Amino acid sequence: MLEKALKGSPKYYIWIGFLLLLILGGSGVYMLQLMQGLTITGMSRDVSWGFYIAQFTYLVGVAASGVMIVLPYYFHHYKKFKDLVIFGEFMAIGAVVMCLGFIVVDIGQPQRMLNVLLFPTPNSILFWDMVVLNGYLILNVLVGWTCLECDRQHLPHPKWTKVLAYTSIIWAFSIHTVTAFLYQGLPGRHYWLTAILAARFLASAFCSGPAILLLVIMLTQKVTTFKANVEGIATLAKIITYAMVVNVFFFLLEVFTAFYSGIPGHMHSIVYLFKGVDGHAELVPFMWTAVALGLGSLCLLIPPRLRDNIKLLPWSLAILVIATWIDKGLGLLIGGFNPTPFETIAPYWPTGKELIVSLMIYSLGALVVTILFKIATEVKKETGASQKEAVPAEN
Amino acid sequence: MNHTRRNFLKFAGLTAAGLCVASAGGALAVSGAGSAIRDDEKVLKAKRWAMVIDTKKVGTKETIAVLAKACHAAHNVPDIPGKQNIKWLWAAGFEEAFDQPNNYMDEGLEKREFPLLCNHCTNAPCVRVCPTQATYKRADGIVAMDYHRCIGCRYCMAGCPFGARSFNFMEPRLHLDLAALNKEFPTRMRGVVEKCNFCVERLAHGKQPACVEASQGALVFGDLSDPASEVRKVLREHYTIRRKPALGTEPGVYYII
């Protein structure tokens, strides 16, 4: 089926070329990092993880989010998601590829990476994260690719794909739980040391991930002949809304526990993020932006009349994505490392080079998603499934 | 044709199996040799190494700087300016060190500086989180590191509640006086984590840790499991505290206040 990715409109080629250019440019800066070390980043002795690991964490959520389509489809036989399932699985592949990319660029000695396999260490959560992420990648490649191939040949899906699909549903929960365990089991990092962190991770994943997926699907509808089931989209928007409500609720639980107990360790990080400590208020504008956009997205998503407005929906989803990204892609990591173990504040901000390397990984993910979505939409076009009524001549 | 292919596959399989056995045997032989600790009389041994610091004697930036200098010279620790610095032993105030602000402390204590270093915890979070066992616990209680196995993921730095670990963000040798290197101890490469190692390399040669030697009696080092040891004697005679005891890591560094 890969050949379907080779034939496309000029716009498709320009987009692919643009992504390749970004990847090429980014790898130049990554070479620099390989030669000079992680000193080119804004990380420090006190904030020893930064933008890379934050993106990794956010994208694990995006990877896990496909399950919000796959689960209703397989467990509840919700047929209106039938045409979306493949996109959920392919999005997960792109997201896991980016996750692995962000891990690779973050480690100081990438050529020794296989030491994690050569000296397997079950007491390290990082070992388990490696296991579940790679497992999830393999599951989605196997299930997604095989089912699409069968669709193309008008064959029923083999039984084993169903077994693997069921497995991947449970597995999706595991990848984000294990990623939360990376953080929440560390003594002395109060912002992370909370039993609800894994639940928060899942809630924010299940709103932000499907939101990104839905945005990409809307874009796909614009540039291809694919047309998703309208009711399916409405249901997915509903799921996103519920997950965002739970996400906000879980965060408020943290706020209550910290401030009603009044224990300084529990309050410090939140105070640093939202008010600033010792004259350091670097993240305050971002966190309040997240609050405003998060609540704004709820106002636009909870009333059915606004949620079902297909013109408004992309905007509601976009501000939800920005809000959750600030919370998890900036606040979680920087707030976790501040205050430092010495009760001091160590400001962190990614450098330009760090951002370019991150852009390289994001472009790589976009390339993978583009190619996979291209194949999926071409197959759907070929089989005449989920098509716009009047098929335009382009493409 | 089929016949020869089968024979070829058999031969290839046997060769591969043989190679596996040979390399596994080699690995076993190496690990066997590596775990043997030199066994002559000079080696200082203990069941649980620990350190007691008399902060009344080393309680200023200047006195602690002497300890840090001895340590950093012994271990070729580079002097890197800025926040990507590396330190094995350094000075900090009461609140930074002990995480428990105390209003209206006596002035002496308020101004006192405390030497900070790796606590060589009994339940070390860094050992727990390391995905490659590059950070490991020795039988004598020392939390040691294999700089050649470390992949530089820095999980141990997030795990350590004492901020005892440093990462080589850049090439450390650029910030070392290569003429004044201690040839007895390796320099590190870029991209790995490092920290105080309780001077395992000196203990193996019958010497006390470098900071203890430079402290003129203010630092006492010994076997916590031996009731007759110097550290146990000092602990019996003085009131001591440890850093962040509530976290349950059981630090091996005690402070006389």
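Residues numbered from 1 in each chain as written. Chains lettered and ligands numbered in written order. Predicted model: local features only at pLDDT ≥ 70, side-chain atom pairs only at ≥ 80, totals over all residues.

## Examining the sheet that holds strand β1 (residues 49-54) of chain B
All names here are of chain B.
Consideration 1: Read from one edge of the open sheet, 4 strands run β8-β1-β10-β9, paired in mixed fashion. If you trace the sheet from one side to the other, it starts and ends with β8 (219-223) and β9 (240-241), each paired once.
Consideration 2: Its contacts with the sheet place helix α9 (residues 230-237) against β1, β8, β9 and β10 (253-256), and it is angled at close to 120° to β8. (Pairing = 2+ DSSP bridges. Helix = DSSP H or I, 4+ residues; strand = E, 2+ residues; numbered from the N terminus. Contact = placed C-beta atoms within 7 Å. Axes fitted to C-alpha atoms, helices over the stretch in contact; angles between N-to-C directions.)

## Details of helix α2 (residues 51-65) of chain A
What sets the pattern is the α-helix's 3.6 residues per turn: residues three or four places apart point alike.
Consideration 1: Helix length check: α2(A) (15 residues) gives 21 Å between terminal C-alpha atoms against 21 Å at 1.5 Å per residue, within 8%.
Consideration 2: When you tally the buried positions in α2(A), you get 15 out of 15 residues, the bulk of the element. (Expected span 1.5 Å × (residues − 1). Buried ≥ 20, exposed ≤ 12 C-beta atoms within 10 Å, placed from the backbone.)

## Digging into helix α4 (residues 82-106) of chain A
Consideration 1: Counted at 1.5 Å a residue, the expected span for α4(A) with its 25 residues is 36 Å, and the 37 Å between its end C-alpha atoms agrees.
Consideration 2: Counting buried residues in α4(A) gives 21 out of 25 residues, a clear majority hidden from the surface.

## A closer look at the interface of chain B and chain A
Consideration 1: In this complex, chain B contributes 38 residues to the contact, which on the side of chain A involves 33 residues.
Consideration 2: Of all elements in the fold, only α3 (94-98), α5 (125-129), α6 (155-159) and β6 (166-167) of chain B reach the threshold of two or more residues within the side of chain B that touches chain A.
Consideration 3: For the side of chain B that touches chain A, the element with the highest residue contribution is α6(B), accounting for 4 residues.
Consideration 4: Of the residues assigned to the side of chain B that touches chain A, the class counts are 18 nonpolar, 10 polar and 10 charged. (Nonpolar A, V, L, I, M, F, W, Y, C, P; charged D, E, K, R; others polar.)

## Remarks on the packing of α4(A) against helix α8 (residues 197-223) of chain A
Residues and elements named next belong to chain A.
Consideration 1: Remark: α4 packs on α8, axes separated minimally by 11 Å, with the N-to-C direction vectors making an angle of 120°. In terms of crossing hand, the pair formed by α4 and α8 is right-handed. Two secondary-structure elements touch here, α4 through L84, F87, G88 and M91 and α8 through L213, V216 and I217.
Consideration 2: Of the residues that constitute the contact of α4 with α8, the class distribution is 6 nonpolar, 1 polar and no charged. (Left-handed = near helix turned anticlockwise from the far one by under 90°.)

## Focus: the confidence of the model for chain B
Consideration 1: When the pLDDT values of chain B are averaged, the result is 89; 84% of them are 70 or greater.
Consideration 2: Note on residues 25-36 of chain B: pLDDT under 50 across the span, and 0 contacts to partners over four residues away in sequence or across chains. (pLDDT = per-residue confidence, 0-100.)

## Description of the nonpolar core
Consideration 1: With 176 residues, the main nonpolar core has A:L59, A:A63, A:C99 and A:F102 as its most contacted residues.
Consideration 2: Sort the elements by how many residues they give to this core and α4(A) lands first, with 15 residues. (Core = buried A, V, L, I, M, F, W, Y, C linked by C-beta atoms within 7 Å.)

## Focus on the environment of A:K11
All names here are of chain A.
Consideration 1: Considering the arrangement of structural elements, one finds K11 in helix α1 (residues 10-36).
Consideration 2: Accessibility expressed as a C-beta count within 10 Å gives 11 for K11, which makes it exposed.
Consideration 3: For the pair K11 and V223, spaced 212 residues apart in sequence, the C-alpha separation works out to 9.3 Å.

## So, unusual backbone geometry
Consideration 1: In the segment running from A:N338 into A:P339, the intervening peptide bond is cis, with an omega of -5°.
Consideration 2: Phi is positive for B:H120, which is not a glycine, with a value near 45°.
Consideration 3: Positionally, B:H120 belongs in the loop between β3 (114-117) and α5.
Consideration 4: The buried category is assigned to B:H120, around which 27 C-beta atoms lie within 10 Å.
Consideration 5: Of note in this structure, B:C199 is not a glycine but carries a positive phi near 55°.
Consideration 6: Tracing the sequence through the fold places B:C199 in the loop between β7 (193-194) and α7 (200-203).

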